[in-house]
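Working through the structure, step by step
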Amino acid sequence: MAEITAGMVKELREKTDAPMMECKKALTEAGGDLVKAEEILRVKLGNKASKAAARVAAEGVVAIHLAADGKMGSIFEINSETDFVAKNDEFLQLAADCARLVVEKNPSDIAALATLPLADGTVDSVRTALVGKIGENMSPRRFARIAATGKLASYVHGGARIGVLVDVVGGDDQLARDLAMHIAASKPKSLDASGVPAELLDTERRVAIEKAREAGKPEAMLEKIAEGTVQKYLKDVTLLGQVFVKAEDGKQTIEQLLKSKGASVARFELFIVGEGIEKKVADFAAEVAAQAAAAAAK
């Protein structure tokens, strides 16, 4: 039997992006023939997809779909391991198809979306085949579906890394688009104070008290100082409290802008690709060393 060297495994892995152990198994089965081993891996692409699923996917895109009548819209995030794959046409088409299906079929969650018919199979079978073809994990992460109270406006920024869908009641199309762009730029956490989690406010309050105490402020003033800090925080993180990015005087808040236009915001969704996902840096040399150490231990 031909000797399967680390160099052969590395070469096959670079050609196929299959996991190292799968490459070694294929080479062993093929008697060291690289061409035959590559064919074996192609047959096992479904298995490759399941192996890829163990890897962190923190890149990706946000896709938005609006119904023809403008009364229904969706925003959808799908993740990939690298920015390169996030630019792949088939990956982008999958994202667009999923956003469309959210509007048309109203799935209850990501698991339900995965079972919906797409092409000659389902969303998940199309995803799995694409993972096998490209050799990189792809993971539909989240979506939101909005039935418009007023009119829906959308905005996608930064190579589809940031997406906004906003429901504006009253005003005109320019106002709606300006609001969508403002949300993408300023990244509010909620529409108003009622949508900000209590734990975030408690954290701001505790930090403010400790800072004031360390600065030597009287104990009797700490609560008042903390409340002032919390109110400033709310202005920074709520849409209505934020200063409009296009305000000519640099002072007009979104709440004031809406009032001047006789408009209001019923709801908005802001998706930022990979937000909250811990990214992991791949190190091939370290992976080889780890595999060698594990083998030696046996």
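Preceding this paragraph is the structure being described.
Summary of the structure given here. Nothing here was measured: the structure is a model prediction, and the numbers come from that model. (Residues numbered from 1 in each chain as written. Predicted model: local features only at pLDDT ≥ 70, side-chain atom pairs only at ≥ 80, totals over all residues. Heavy atoms only, no water.)

This part is about the packing of aromatic side chains. The geometry of two aromatic rings is summed up by the distance between their centres and the angle between their planes. Evaluated as defined, the whole model comprises zero aromatic pairs. One Lys or Arg, Arg142, reaches over the ring of Phe271 and ends 4.1 Å from the middle of that ring. (Phe/Tyr/Trp six-rings, centres within 6.5 Å; stacked < 30°, edge-to-face > 60°. Lys NZ or Arg CZ within 6 Å of the ring centre and 35° of its normal.)

Next up on the list: the sheet that holds strand E1 (residues 59–66). Read from one edge of the open sheet, three strands run E1-E2-E5, paired in antiparallel fashion. The open sheet has two free edges, formed respectively by E1 and strand E5 (138–147), since each of these has just one partner strand. For this sheet the average axis-to-axis angle between neighbouring strands, irrespective of direction, equals 15°. The pairing of strand E2 (residues 72–80) with E5 spans nine bridges and is antiparallel. Considered in E5, the bridge of Ser74 is made with Arg145. (Pairing = 2+ DSSP bridges. Helix = DSSP H or I, 4+ residues; strand = E, 2+ residues; numbered from the N terminus. Axes fitted to C-alpha atoms, helices over the stretch in contact; angles between N-to-C directions.)

On to helix H7 (residues 123–134). Taking 1.5 Å of rise per residue, the twelve residues of H7 would be expected to cover 16 Å, and the 16 Å separating its terminal C-alpha atoms lies within 8% of that figure. Among the residues of H7, Val123, Arg127, Leu130, Val131 and Gly132 are the ones counted as buried. One or two positions beyond H7, positive phi appears at Gly135, with a value near 80°. (Expected span 1.5 Å × (residues − 1). Buried < 20%, exposed > 50% of the residue type's maximum accessible area, 1.4 Å probe, protein only.)

With respect to the secondary-structure elements, Thr253 resides in the loop between helix H10 (219–237) and helix H11 (254–261). Judged by its relative accessible area of 16%, Thr253 falls in the buried class. Setting aside residues no more than four positions away along its own chain, Thr253 makes contact with Leu240, Gly241, Gln242, Val243 and Phe244. (Contact = heavy atoms within 4.5 Å.)

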